[in-house]
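# Fold and contact review
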Amino acid sequence: MTCLGIVALNTFREAVRDRVLYNLLFFALLMIAAAILVGQISIGIEHIVIVSLGLTSISIIGILISIFIGVSLVYKEMEKRTLYALLAKPVRRWEFLLGKFGGLVLTVVVNTAAMALGLFLALLYVKHSLDRGDLAVLVAVYFILLKLALLVALALLFSCYTTPILATLFTSGIYVVGLFVQQMKNMPEDLMGPAMAAFTRRLAYLLPNFDNYDVMGPAAHGQAIPGILILENTLYTVVYCAIVLSAAAVVFSRRDLK
Amino acid sequence: MPEAAIEIENLTKEYPFGFLNLKKKTSLDGLNMQVETGEVFGFIGPNGAGKSTTIKLLMRLIFPTAGGARILGKPIRDVSMHRDIGYLPEQPYFYDYLTAAELLGYFARFHRLTAADRKERVQRMLKKVGLETAGKIQLRKYSKGMLQRVGLAQAVLHDPRVVILDEPMSGLDPLGRREVRDIILDLKRDGRTIMFSTHILSDAEMLCDRVGVIVGGKLRGVGAPGQIVDMKTQGMEILFELSGAGNAPFLSQATRTGERYRLHVAEEELYAAIDQLRAAGARILSVSQVKATLEEFFMHLVAADRAQATSVEVSGK
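Counting restarts for each chain, with residues numbered from 1 along the sequence as it is written. Lettering for chains starts from A, numbering for ligands starts from 1, and both go in the order in which the items are written. In view of the model being predicted, local features appear only for residues whose pLDDT reaches at least 70, and side-chain atom pairs are presented and counted only at 80 or more, with totals across whole chains, interfaces and linings using the full set of residues.

### Quick word on the overall build of chain A
- For the purposes of this entry, the term helix denotes a DSSP run of H or I that reaches at least four residues, the term strand denotes a run of E that reaches at least two, and both are numbered from the N terminus. The helix and strand tally for chain A stands at 13 helices and zero strands.
- In sequence order, chain A lays out its α and β elements as α-α-α-α-α-α-α-α-α-α-α-α-α.
- The globule rule puts the C-alpha radius of gyration for 258 residues at 18 Å, and the 20 Å found for chain A is close to it.
- Taken along its principal axes, the extent of the C-alpha atoms in chain A is 60 × 55 × 30 Å.
- Exposure classes come from backbone-placed C-beta atoms, where a residue is buried if 20 or more other C-beta atoms lie within 10 Å of its own, exposed if 12 or fewer do, and partly exposed in between. The proportion of buried residues among the 258 residues of chain A is 40%.
- Contacts are defined on C-beta atoms placed from the backbone: any two residues whose C-beta positions lie within 7 Å are in contact. Contacts spanning at least 24 positions in sequence make up 82% of the contacts within chain A whose residues lie at least 6 apart. We compute the radius of gyration over the C-alpha atoms and compare it with the globule rule, which gives 2.2 Å times the number of residues raised to the power 0.38.

Here it is as structure tokens:
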């Protein structure tokens with residue numbers, strides 16, 4: 001196994017042994033149970049309510065895990081000096097960093113998969129069967145995972161050079177702004193002025209577009225998600241994560257530990 | 001002459017501080033030093049002298065402002081040489097959600113050992129550091145001394161050729177210190193090179209082939225513990241008996257124990273002192289050379305460094 005894989009598995013093990021993770025998972029399952037309950041009293045639109053509530057809870061829990069664990073991934077290792085003995089092994093700093101990324105993404109994948117399973121069980125309970133239209137829910141879950149991977153990369157970048165509190169603020173801030181990237185691109189010039197509008201447009205291209213990943217509406221209505229969107233979002237996430245993680249590696253590789 | 005296992009050239013570390021980080025504090029100032037293959041090298045100095053900074057620079061935990069170092073002939077930026085190095089950080093702390101056996105197993109994976117080899121080594125190391133019964137307890141329940149032992153186990157787990165230990169005796173009781181000393185001597189017997197930092201001078205005198213004394217970020221002397229102290233304080237001790245109320249010269253400077261007196265004199269004053277004591281009726285029992293201990297040499301350097309720092313501060317004002 002590569003150094004990257006060894007670090008990733010240990011990061012996953014740490015997350016699994018962390019009780020906070022179980023609490024979050026319990027909370028998510030509770031929300032899905034609530035979705036079933038609400039679905040039962042929503043005559044005719046049970047499917048829409050269950051999928052919307054289920055995907056929302058998966059997304060919120062995933063975001064909480066990604067940000068709150070992500071921002072302390074590297075910082076905690078530096079602060080507690082657990083990194084000292086590790087970096088004395090034949091491990092490059094970027095391998096450690098990518099391992100931490102991989103470990104948290106694996107954690108998020110396992111959690112999301114567990115929650116998605118709960119969602120499909122809820123759907124099965126209400127509808128008594130699953131059909132082709134429910135594949136869109138699976139794609140929506142996949143898009144949530146892509147979004148979470150990008151969030152983990154951003155949290156990791158900030159974790160390399162600032163405190164968890166500031167890193168949480170930065171990551172959350174970028175996430176919120178990233179939900180409105182499309183609006184930033186279309187800022188009216190007469191309202192903002194040409195220079196400001198041009199600046200906002202350019203900034204919008206630099207910021208991660210989290211709005212791309214939102215397909216909750218079509219998924220809830222059982223509409224198929226276009227294959228090209230799946231491809232575009234996958235490539236977008238891979239490229240953006242690569243850029244963010246490269247920046248994190250550069251920052252971390254030059255950093256003096258305390 | 002044996003090949004150097006660790007070669008340090010002009011290693012310098014400055015830390016920026018103050019408004020906009022414009023001021024610089026020199027933590028290590030142009031360190032030049034070599035540790036020979038197969039020797040036990042003690043790196044001694046007071047707190048803040050630059051011992052841990054040097055070790056962290058060697059392990060690439062921090063980066064030098066100037067200079068560089070080579071370990072086993074490879075520049076320290078070459079991560080592959082870490083296969084042959086064992087390192088114990090100062091006051092080590094490990095993943096507290098793991099047991100000692102899990103932690104050692106985790107670290108062993110980086111050295112590409114087979115599963116069977118990993119298992120055998122982990123058990124052997126736990127036994128070696130006296131933790132075989134505590135191997136399955138999570139590290140969060142370990143005392144400081146137990147963590148130190150785990151740290152030592154992970155440092156030597158992969159049979160490294162060079163072992164660098166930062167304050168290995170710190171936090172250990174006398175029994176633990178003795179066990180660490182035994183491990184260091186075992187490693188030496190196996191032909192390993194050991195460099196360790198300490199401020200416990202008796203350990204350094206007992207274990208080291210050579211020591212390097214660092215004070216205020218500068219290396220003040222390198223050599224065998226005996227040789228290094230000879231460089232400084234020299235003197236003679238005269239042990240004599242004098243019955244009755246003597247009025248011998250030097251008597252006021254001597255230390256009396258019963259009928260016996262001990263008198264310290266400079267080497268060039270020895271014969272004059274003996275003559276005068278004999279003339280006063282003293283019986284000379286022995287004359288011996290006074291050798292300063294490593295501790296005295298060390299304290300002398302620290303005092304000189306502090307005096308210099310104070311004078312710089314005063315003149316700066």
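From this point, things continue past the structure.
### So, helix α7 (residues 135-159) of chain A
- Here the expected span of a helix is defined as 1.5 Å times the quantity of residues minus one. Taking 1.5 Å of rise per residue, 25 residues should cover 36 Å, and α7 of chain A covers 36 Å from first to last C-alpha, within 8% of that figure.
- With 21 of its 25 residues buried, α7 of chain A lies for the most part within the structure.

### Some thoughts on the interface of chain A and chain B
- Every contact between the two is made by 19 residues of chain A and, on the other side, 22 residues of chain B.
- The dominant element in the side of chain A that touches chain B, judged by the number of residues it contributes, is helix α1 (residues 3-17) of chain A, at five residues.
- Each residue receives one of three labels: charged for Asp, Glu, Lys and Arg, nonpolar for Ala, Val, Leu, Ile, Met, Phe, Trp, Tyr, Cys and Pro, and polar for the others, Gly being one of them. When the residues that make up the side of chain A that touches chain B are grouped by side-chain class, the tally is ten nonpolar, two polar and seven charged.

### Focus: the sheet that holds strand β10 (residues 218-223) of chain B
All names here are of chain B.
- Two strands qualify as a pair provided that DSSP identifies no fewer than 2 bridges between them. Spatially, six strands are ordered β6-β7-β8-β3-β9-β10 in an open sheet, and the strand pairing comes out mixed. Looking at the sheet topology across the chains shown, the edges are occupied by β6 (85-88) and β10. For this sheet, the mean angle separating the axes of adjacent strands, direction not counted, is 15°.
- Taken together, the five bridges between strand β3 (residues 40-44) and strand β8 (residues 193-198) define a ladder with parallel strand orientation. Note that in β8 the partner of I44 across the bridge is T198.
- Sheet strands touched by helix α1 (residues 51-58): β3, β7 (162-166), β8 and β9 (210-215). Its angle to β7, the strand with the most contacts, is close to 140°.
- Every axis corresponds to a line fitted to the C-alpha atoms, with the helix fit spanning only the stretch in contact, and the corresponding angles, defined between N-to-C directions, vary from 0 to 180 degrees. Its contacts with the sheet place helix α4 (residues 144-156) against β6 and β7, and it is angled at close to 170° to β6.

### Focus: the sheet that holds strand β4 (residues 66-71) of chain B
Residue and element names in this part refer to chain B.
- Read across the open sheet, the four strands follow the order β2-β1-β4-β5; overall the sheet is antiparallel. For this open sheet the edge positions go to β2 (23-36) and β5 (74-75), each flanked by a neighbour on one side alone.
- Bridge analysis of strand β1 (residues 4-17) against β4 gives five bridges, and the strand direction is antiparallel. The residue of β4 that forms the bridge with E7 is R70.

### Topic: the packing of α7 of chain A against helix α8 (residues 164-178) of chain A
All names here are of chain A.
- Packing of α7 against α8 brings their axes to within 9 Å, and their N-to-C directions diverge by 145°. Taken as a pair, α7 and α8 cross one another with a handedness that is right-handed. Contacts between α7 and α8 involve L151, L154, A155, F158 and S159 on the former and, on the latter, A167, F170, T171, I174 and Y175.
- Along the lines of polarity and charge, the residues of the contact of α7 with α8 split into eight nonpolar, two polar and no charged. For any pair of crossing helices, the crossing counts as left-handed if the nearer helix is rotated counterclockwise from the farther one by less than a right angle, and right-handed if it is rotated clockwise.

### Quick notes on the environment of R278 of chain B
All names here are of chain B.
- Tracing the sequence through the fold places R278 in helix α8 (residues 270-279).
- By the C-beta count within 10 Å, which is 13 here, R278 ends up partly exposed.
- Along the chain, R278 and N10 lie 268 residues apart, while their C-alpha atoms are 55 Å from each other.

### A closer look at the pairing of β2 of chain B
Residues and elements named next belong to chain B.
- Relative to β2, β1 runs antiparallel, the two sharing ten bridges. Each bridged residue has a counterpart across the sheet, and for E7 the counterpart in β2 is Q34.
- What sits between the antiparallel neighbours β1 and β2 is a turn of five residues, in which G18 has the positive phi angle 80°.

### Side note on helix α5 (residues 174-189) of chain B
Residues and elements named next belong to chain B.
- Along its 16 residues, α5 runs 22 Å from first to last C-alpha, staying within 8% of the 22 Å computed at 1.5 Å per residue.
- Three or more residues of α5 are buried, namely V180, I183, I184 and L187. Projected down its long axis, α5 shows its buried positions confined to an angular sector of 100°, all on one face. Summarising the geometry of α5, the exposed residues directed more than 90 degrees from the buried face are P174, L175, R178, D182, D186 and R189.
- Each element contacted by the buried residues of α5 is listed here: β3, α3 (115-128), α4, β7, β8 and α6 (201-207).
- Downstream of α5 by one or two residues, G191 has phi in the positive range, about 85°. Arc definition: directions from the helix axis to the C-beta atoms.

### Comments concerning unusual backbone geometry
- Phi at L72 of chain B is positive, roughly 50°, even though this residue is not glycine.
- In this structure L72 of chain B comes out as partly exposed when scored by C-beta crowding, with 19 C-beta atoms within 10 Å.

### Topic: the nonpolar core
- Remark: nonpolar core denotes a set of buried Ala, Val, Leu, Ile, Met, Phe, Trp, Tyr and Cys residues whose joining runs through C-beta atoms within 7 Å. Of all hydrophobic cores here, the largest spans 148 residues; its most connected members are A140, V152, A153 and L156 of chain A together with L103, L104 and I164 of chain B.
- Membership of the second largest hydrophobic core comes to nine residues, among which are F240, Y261, L263 and A273 of chain B.

### A few points about the packing of α1 of chain A against helix α6 (residues 93-127) of chain A
All names here are of chain A.
- Axis separation between α1 and α6 bottoms out at 7 Å; the angle between their running directions is 45°. Classified by the interaxial angle, the pair formed by α1 and α6 is oblique. The chirality of how α1 crosses α6 is right-handed. Judged by residue contacts, C3, L4, I6, V7, A8, L9, N10, T11, F12 and A15 of α1 engage E95, F96, L98, G99, K100, G102, G103, L104, L106 and T107 from α6.
- Tallied by class, the residues present in the contact of α1 with α6 amount to twelve nonpolar, six polar and two charged. Angles are sorted into four bins: roughly parallel if under 35 degrees, roughly antiparallel if over 145, roughly perpendicular if 65 to 115, and oblique for all others.

### Let's talk about the domain arrangement of chain B
- Entries for chain B in the domain assignment read domain 1 (4-222) and domain 2 (234-291).
- Here the limits of each domain have been adopted from an automatic or database domain assignment. For domain 1 of chain B and domain 2 of chain B, the distance between their C-alpha centroids amounts to 47 Å.

### Description of the environment of P226 of chain A
All names here are of chain A.
- Note that P226 resides in the loop between α12 (216-220) and α13 (227-253).
- Take P226: there are 12 C-beta atoms within 10 Å of it, and that puts it in the exposed class.
- Separated by 44 residues in the primary sequence, P226 and Q182 place their C-alpha atoms 19 Å from one another.

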